[in-house]
Amino acid sequence: MTSKANMPWEDRPEGCKDVMWRFSQNPVIGRYDIPTSNSIFNSAVVPFGEGFAGVFRCDNKSVQMNIFAGFSKDGINWDINHNPIQMVAGNTDMIDSDYKYDPRVCWIEDRYWITWCNGYHGPTIGIAYTFDFKTFHQCENAFLPFNRNGVLFPEKIDGKYAMLSRPSDNGHTPFGDIYISYSPDMKYWGEHRCVMKVSNFTDSAWQCTKIGAGSVPVRTNEGWLMFYHGVINTCNGFRYSMGAALLDLENPDKVLYRSQPYLLAPAAPYELVGDVPNVVFPCAALTEGNKVAVYYGAADTVVGMSFAYIDEVIDFIKKNSL
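Residues numbered from 1 in each chain as written. Predicted model: local features only at pLDDT ≥ 70, side-chain atom pairs only at ≥ 80, totals over all residues. Heavy atoms only, no water.

J.: Summarise the environment of Arg111; cite the residues concerned and give the values.
T.: Tracing the backbone through its elements, the reader meets Arg111 in strand β8 (residues 111-119). As for Arg111 and Pro174, which are separated by 63 residues in sequence, their C-alpha atoms are 35 Å apart. Engagement of the side chain of Arg111 in a polar contact is seen with the side chain of Asp110, the distance being 3.0 Å. (Helix = DSSP H or I, 4+ residues; strand = E, 2+ residues; numbered from the N terminus. Polar contact = N/O pair within 3.5 Å; in protein donor to acceptor, adjacent residues only side chain to side chain.)

Okay, structure coming up:
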C-alpha cells in the first residue's frame, strides 16, 4: 500500500512539549463538505494511487448514518462523493444494513478492506473489500450484535486475519473492553481473546469507562502500535480521549505497554463543541518513516488531524505505562 504523494505533515509548534500536536488548519474536513451532510467525522484514509483515498462517515440532514468514498491528492483537501457507497455482494448475498458508521480501512495483501459499525438488528461489524474505491464488495458480518470498533491488522497473524473489536450493547454503551478475533477466510471468525480492559478510575480515569481500538495497528520493531480511544463518564457525559498501546507482534492479545496519561484529549473548540461535545476519536494513521499523522473525529461533527514521531510515542508509552 503506497502512494506517490507525501504524507501530510506539520512540524511541532515552537514551544510545544507535547508528544502529539494538532494540525494548525484543523478541522481538515468540515461538517458541510458535501451538500447533504449534517456532519462528517470518524473517518479513515489510506495511501492510494497518486494520493490518498478514504471512507467517510457522513450523517445527512435526516441524521441517517452512512459511509462515503473520497479522494485527495495531499491527504488534507478532500473530494468526497455526494452519494453513499452502494455495496455489491462479496462472499455473501446478505448485504442488508440499517446504517453504517465509523469506518476503518486496511490494505492486506492485494486489496483494501473496510470495516464499519453495521446496523443488522443492532450494531455489529460489517466487512467489505475494494480494489479501486469505486466498487465495494460486502462480506458477511464478522460478529453477532452487539459490537463496535472493528479494526483489522494490516497483515495475517500466524496465517489468519486478525481483528480487534469492542463487544457492546444496543445503545450508548456504558462499558467496553478490547478483544481480538481470528478468521481463516474473512467470513468465519473465532478464537476470541481479551486484549485490554478499562483501567481503574484511580489509575487512569480518562479510560475507566470504556475503550476501543482506533487506527489500524502500525508494525514497529517494538510491537504493534495501536492508537485507541478511552472514555470517562463525567457529570457532563462521556469524554473521549486518545491514547496508545504496544501489542506483541506474534501474540497481539498481549499488551506490552499502554499509556497511562492520554496523548490527546478534547481541548480545541472543534473538539469541545459539536453534535456530541468533548470527543477525540482516532480512526486512521498514516506513517512515513518515523512520522505518523492520525485522523480523528472531533465532537462527532468534523475530522481533525494530529501529528507525532513514532519513536517519541513509543518512548512515552514505555515510560508512562499502566
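J.: Break down unusual backbone geometry for me, citing the residues and quoting the values.
T.: Put simply, Asn26 and Pro27 share a cis peptide bond, and its omega is -5 degrees. You can see Pro27 is positioned in the loop between β1 (21-22) and β2 (37-48). The peptide bond linking Pro145 to Phe146 adopts the cis configuration, its omega dihedral lying at 15 degrees. Within the element layout of this structure, Phe146 appears in the loop between β10 (136-138) and β11 (147-152). Not every positive phi belongs to a glycine, and Glu109 is a case in point at roughly 65 degrees. By the secondary structure assignment, Glu109 is in the loop between β7 (100-108) and β8. Glu109 gets classed as exposed once you look at its relative accessible area, which sits at 53%. Its identity is not glycine, yet Ala299 carries a phi of approximately 55 degrees, on the positive side. (Buried < 20%, exposed > 50% of the residue type's maximum accessible area, 1.4 Å probe, protein only.)

J.: Which residues make up the packing of aromatic side chains, and what values go with them?
T.: Under the criterion given, the structure shown has 23 aromatic pairs. Ring plane angle 45 degrees and centroid distance 6.1 Å describe the contact between Phe48 and Phe71, whose orientation is recorded as tilted. One end of the pair, Phe48, is in strand β2; the other, Phe71, is in strand β4 (residues 65-72), and 23 residues separate them in sequence. Ring centres of Phe48 and Phe133 lie 5.1 Å apart, and the angle between their planes is 75 degrees; this geometry places the pair in the edge-to-face category. Placement of the pair is Phe48 in strand β2 and Phe133 in the loop between β9 (123-130) and β10, with a sequence separation of 85 residues. Overall, Phe133 belongs to the buried group, its relative accessible area being 1%. Clustering of aromatic rings is evident, with ring pairs tying together Phe48, Phe71, Trp107, Tyr112, Phe133 and Phe136. The ring of Tyr129 carries the charged tip of Arg111 above its face, separated from the ring centre by 4.7 Å. (Phe/Tyr/Trp six-rings, centres within 6.5 Å; stacked < 30°, edge-to-face > 60°. Lys NZ or Arg CZ within 6 Å of the ring centre and 35° of its normal.)

J.: Describe the layout of surface pockets, naming the residues involved and giving the relevant values.
T.: Of the volumes computed, that of the largest pocket is approximately 620 Å³. Lining of the largest pocket is provided by 27 residues; of these, Arg57, Tyr101, His172, Tyr240 and Asp300 occupy positions nearest its centre. Elements represented by at least two residues in the lining of the largest pocket include exactly β2, β3 (51-60), β7, β11 and β18 (237-247). Sorting elements by how many residues they give to the lining of the largest pocket places β2 first, with four residues. Its residues assigned to classes, the lining of the largest pocket comprises eleven nonpolar, eight polar and eight charged. (1 Å grid on protein atoms, 1.4 Å probe; cavity = no way out; pocket = protein on both sides within 12 Å on 5 of 7 lines; lining within 4 Å. Points joined across faces, edges and corners; volume = space filled by probe spheres on them. Nonpolar A, V, L, I, M, F, W, Y, C, P; charged D, E, K, R; others polar.)

J.: Can you explain the sheet that holds β9? Please cite residues and give values.
T.: Across the sheet, which stays open at both edges, the five strands sit in the order β6-β10-β9-β8-β7 with mixed pairing between neighbours. Both edges of this open sheet fall to β6 (87-89) and β7, since each of them pairs with a single strand only. Ignoring which end each strand starts from, the neighbouring axes of this sheet average 35 degrees apart. With three bridges joining them, β9 and β10 adopt antiparallel strand pairing. (Pairing = 2+ DSSP bridges. Axes fitted to C-alpha atoms, helices over the stretch in contact; angles between N-to-C directions.)

J.: A description of the state of the cysteines should follow, citing residues and the corresponding values.
T.: Going through the model one piece at a time under the given rule, you end up with zero disulfides. The thiol of Cys194 is not disulfide-bonded; the next cysteine sulfur, from Cys208, is found 16 Å away. Under the relative-accessibility criterion, Cys194 is labelled partly exposed at 34%. Cysteine Cys283 shares no disulfide, and the gap to the nearest cysteine sulfur, in Cys117, comes to 11 Å. The class for Cys283 is buried, based on a relative accessible area of 1%. (Disulfide = S-S within 2.5 Å.)

J.: Any details on the side chain of Ser241? Residues and values, ideally.
T.: Tracing the chain through its elements places Ser241 in strand β18. Discounting residues that sit within four places of it in the chain, Ser241 has contacts with Trp206, Tyr228, His229, Gly230, Tyr262, Leu264, Ala265, Pro266 and Val280. (Contact = heavy atoms within 4.5 Å.)

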